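Residue-level structure breakdown
These are the residues of each chain, in order.
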Amino acid sequence: MTPPFRSVRRQRGVTLFGLMFWAILIGMIALVALKVLPTVNEYLTIKRAVEKVATSGASTVPEVRAAFDKQKEIDYSISSISGKDLEITKNNDKLVVSFAYDKEIELMGPVYLLVKYQGQSK
């Protein structure tokens, strides 16, 4: 005959330590995302400005740099580069404007994240 004990089932669920681990992990990912997203937005804005300048009809290097600086004044979110940081070349009678810059993002205390951005007009 079987003893009159109840069958012991394994309990399921998240422990307090498991919950704290996942909360800390999700919090760290959210912190990095919130600090990186503005720099990605700035990169996309710079890329749009470079495309606009490359197709604007400016033919000399000073004209292209002046057009980018004017675009930078219009769009206040560009702060990482200026017209003098652009590399301007011609490829098959087509103006190619390229740029590259590094962005350091402070995460907490002495911990930084380095993101390298680069792009060029089509």
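You'll find the structure just up there.
We now turn to the structure provided with this report.

Here we come to the nonpolar core. Membership of the largest hydrophobic core comes to 22 residues, with the highest contact counts inside it found for I46, F68, L86, V97 and F99. Of all the secondary-structure elements, those providing two or more residues to this core are α1 (16-54), α2 (61-74), β2 (94-108) and β3 (111-120). Looking at this core, the element that brings in the most residues is α1, giving seven residues. Dropping the residues within four chain positions of it, V97 is found in contact with V50, A54, V64, L86, E87, I88, G119, Q120 and S121.

Ordered in space as β1-β2-β3, the three strands form an open sheet in which the pairing is antiparallel. Two strands bound the open sheet, and with one partner strand each, they are β1 (87-91) and β3. Put simply, the sheet's adjacent strands are angled 20° from each other on average, direction ignored. Here α1 sits on the sheet in contact with β2 and β3, set at roughly 165° to β2.

What counts, and where the lines are drawn
Residues numbered from 1 in each chain as written. Predicted model: local features only at pLDDT ≥ 70, side-chain atom pairs only at ≥ 80, totals over all residues. Heavy atoms only, no water. Core = buried A, V, L, I, M, F, W, Y, C linked by side-chain atoms within 4.5 Å. Buried < 20%, exposed > 50% of the residue type's maximum accessible area, 1.4 Å probe, protein only. Helix = DSSP H or I, 4+ residues; strand = E, 2+ residues; numbered from the N terminus. Contact = heavy atoms within 4.5 Å. Pairing = 2+ DSSP bridges. Axes fitted to C-alpha atoms, helices over the stretch in contact; angles between N-to-C directions.

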